[in-house]
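# What the coordinates show
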Amino acid sequence: MEAAWDIAFVLFQVWLSIVVGLIMLPAMFGMSLGFTDIYIKVLVKTLEWATLRIQRGQNEQPTLPSQSANGIIEKDDGSMEEKIRQLRRSHPDNLAGGDFTLCDAFYFCKKGIENIVEDQVTQRFTSEELASWNLLTRTNNNFRYISVRLTIIWGLGVFIRYCILLPLRITLAVIGLSWLVIGTTLVGLLPSSNQSNDCCFLYLSHGMHNRENRPKKGGICVANHTSPIDIVILANDGCYAMVGQVHGGLMGVIQRSMVRSCPHVWFERAEMKDRHAVAKRLKEHIADKTKLPILIFPEGTCINNTSVMMFKKGSFEIGGTIYPVAIKYDPQFGDAFWNSAKYNMVSYILRMMTSWAIVCNVWYLAPMTRQDGEDAVHFANRVKSAIAQQGGLVDLSWDGGLKRERVKESFKEEQQKMYSSMIVGLDCHEASVGPE
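Predicted, not measured: the structure shown is a model, and the values here were computed from it.

Counting its secondary structure elements, the chain contains 12 helices and nine strands. For the chain, with 436 residues in total, the buried portion stands at 41%. Of the contacts made within the chain by residues no fewer than 6 positions apart, 76% connect residues no fewer than 24 positions apart. Looking at the chain as shown, the accessible area adds up to about 24,400 Å², and 60% of this sits on carbon and sulfur atoms.

This paragraph deals with the pairing of strand β2 (residues 220–223). Residues Ile220 and Val222 line one face of β2 and the alternating positions Cys221 and Ala223 line the opposite face, and both faces are buried. By the bridge criterion, three bridges tie β2 to strand β5 (residues 294–296) in an arrangement that is parallel. Note that in β5 the partner of valine 222 across the bridge is isoleucine 296. Examined bridge by bridge, β2 and strand β7 (residues 322–329) share four bridges and lie parallel to one another. Along β7, the bridge assignment pairs isoleucine 220 with isoleucine 322.

Attention now moves to the layout of surface pockets. Roughly 260 Å³ of internal volume is contained in the second largest pocket. Looking at the second largest pocket, it is lined by 13 residues, and the ones nearest its centre are Tyr39, Val42, Thr46, Ile160 and Trp356. Among the elements of the structure, α2 (35–60) and α5 (148–187) are those that each provide at least two residues to the lining of the second largest pocket. Ranked by residues supplied to the lining of the second largest pocket, first place goes to α5 with six residues. A per-class count over the lining of the second largest pocket returns 11 nonpolar, two polar and no charged.

Here helix α11 (residues 376–391) contains 16 residues, and its C-alpha end-to-end distance of 23 Å stays within 8% of the 22 Å for a straight helix at 1.5 Å per residue. Within α11, burial applies to Ala376, Phe379, Ala380, Val383, Lys384, Ile387, Ala388 and Gly391. Of the surrounding elements, those touching the buried residues of α11 are β2, β6 (307–308), β7, β8 (358–364) and β9 (394–395). The first or second residue beyond α11 is glycine 392, which carries a positive phi of 65°.

This part takes up the packing of aromatic side chains. Tallied over the full model, the rule gives three aromatic pairs. Residues phenylalanine 316 and phenylalanine 379 carry aromatic rings whose centres are separated by 5.5 Å and whose planes lie at 80° to one another, so their mutual orientation is edge-to-face. In this pair, phenylalanine 316 sits in the loop between β6 and β7 while phenylalanine 379 sits in helix α11, placing the two residues 63 residues apart along the sequence. Assigned by exposure class, phenylalanine 316 and phenylalanine 379 land together as buried.

Here we come to a nonpolar patch on the surface. On the surface, Val10, Val14, Ile18, Leu22 and Leu33 cluster together to form a nonpolar patch covering roughly 400 Å² of accessible area. With respect to the secondary-structure elements, valine 14 resides in helix α1 (residues 2–28). Judged by relative accessible area, valine 14 falls into the partly exposed class, the value being 45%.

The rules behind these values
Residue numbers run consecutively from 1 along every chain, following the written order of its sequence. With pLDDT at 70 or above as the cut-off, local features in this predicted model cover only qualifying residues; side-chain atom pairs require 80 or more to be listed or tallied, and sums for whole chains, interfaces and linings still use all residues. Calculation of side-chain values draws on the structure's entire complement of heavy atoms; hydrogens and water are dropped beforehand. In this description a helix means any DSSP run of H or I spanning at least four residues, a strand means any run of E spanning at least two, and both kinds are numbered starting from the N terminus. Think of it in three bands: residues with accessible area under 20% of the maximum for their type are buried, residues over 50% are exposed, and the middle band is partly exposed, with areas taken using a 1.4 Å probe on protein chains only. The contact definition used throughout considers only heavy atoms, calling two residues in contact when any of these lie within 4.5 Å. Every accessible area reported is derived by Shrake-Rupley at a probe size of 1.4 Å, with residue values counting cover from the shown protein chains alone. DSSP bridges decide pairing: two strands pair if at least two such bridges lie between them. Both site types are read off a 1 Å grid over the protein atoms alone. A 1.4 Å probe that fits but cannot get out defines a cavity, while an open set with protein on both sides within 12 Å along at least five of seven lines defines a pocket; lining residues have an atom within 4 Å of a point. Grid points are joined across faces, edges and corners, and a volume is the space filled by probe spheres set on the points. The classification used treats Ala, Val, Leu, Ile, Met, Phe, Trp, Tyr, Cys and Pro as nonpolar, Asp, Glu, Lys and Arg as charged, and all other residues, Gly among them, as polar. What a helix should span is 1.5 Å times the count of its residues minus one. Ring geometry is summarised as follows: Phe, Tyr and Trp rings, the Trp one being its six-membered ring, pair when their centres sit within 6.5 Å, and such pairs are stacked at plane angles under 30 degrees, edge-to-face over 60 and tilted between the two. In this scheme, patches are assembled from residues that exceed 30% relative accessible area and form no salt bridge. Like charges are connected within 9 Å, while nonpolar side chains (Val, Leu, Ile, Met, Phe, Trp, Tyr) are connected within 5 Å. When a carboxyl oxygen of Asp or Glu lies within 4 Å of a side-chain nitrogen of Lys or Arg, that pair is called a salt bridge.

In structure tokens form, the structure reads like this:
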């Protein structure tokens, strides 16, 4: 038994020496030995081969499920007034009046069934559909059983992800976390964010665009939110002051260590409910141009990398310069979206660490300020639209809070007002025309 422990200890020493010598030390000096680049190139070639093999298998076996389309059903995006007019004109009696008619109910039934099958909100809180299989088991289609060769490649991938990449990433995470806590606690310094991608070794690989627009001190950085690692990706290219609730346990230790290195904005639970107190703390922070820019995710929840949902107006009421940032992950290598309703943090981290890689692009947009006469809501929507356009994301006006809450009565009343105003408008139109 002692001999087995000795062998295990020797293997651990060798493993740790490789990790520190070939990955950690070069990364500390901003160097890269190119492991990540080589890995990504090999992975891309493998996924391309798997995609071609799947396509050939679908042609040979027509019974195989086809790739998912962009949607389950085809929706008609016409306006309410236009569609109801069409329904009335198609009626045998050619109903053109402005009074309520029973056929109007068909429009609302059709829209209701469409939204039950596939609404714009619910699908934003599930994993993004892939155009092709990425050799992960997280797919609705069992493509790995198309051929023996594809199944062997899939099995080899499982071994690589769970027996090589997972232990390596856990080792790097433990070393990095220890470095953060010890460095900030004993020395009071935040570890440099200018590090090589090899430090994360295949875990994070990303491209930074328009870096001349990076957030400056005294400003507010706002970005779309897909995953908790959004913070890690942005912090890899610059330092930010975080905004959040005070936690206990290990998270509390990390928060207290971070505060020793730079002034973050942490709130107590009771204080978070006081919007005025939060706004005051944020205004005081951005008023000091020596402090780091604040990083805020105005959506307030994670969205599945396909769209941007409503930005809360609080971040845009306090003044200052807004630095928009668009983040878009490449789902080909792994699903970065955190579905907090389905996975806890531990399960999510395990899924991340057993993915092929987390690859994303980050765009720094030009700074934006509130225009004369523009309220916070319109300013937030303007920033949101710019982020969505740059990142190739769908711009939605729905509140991400619907992930956990019921639709507000005001939304239902708004649809009722639209219909009633349309009826009144038709009545007024007919009254103004009159009989010939």
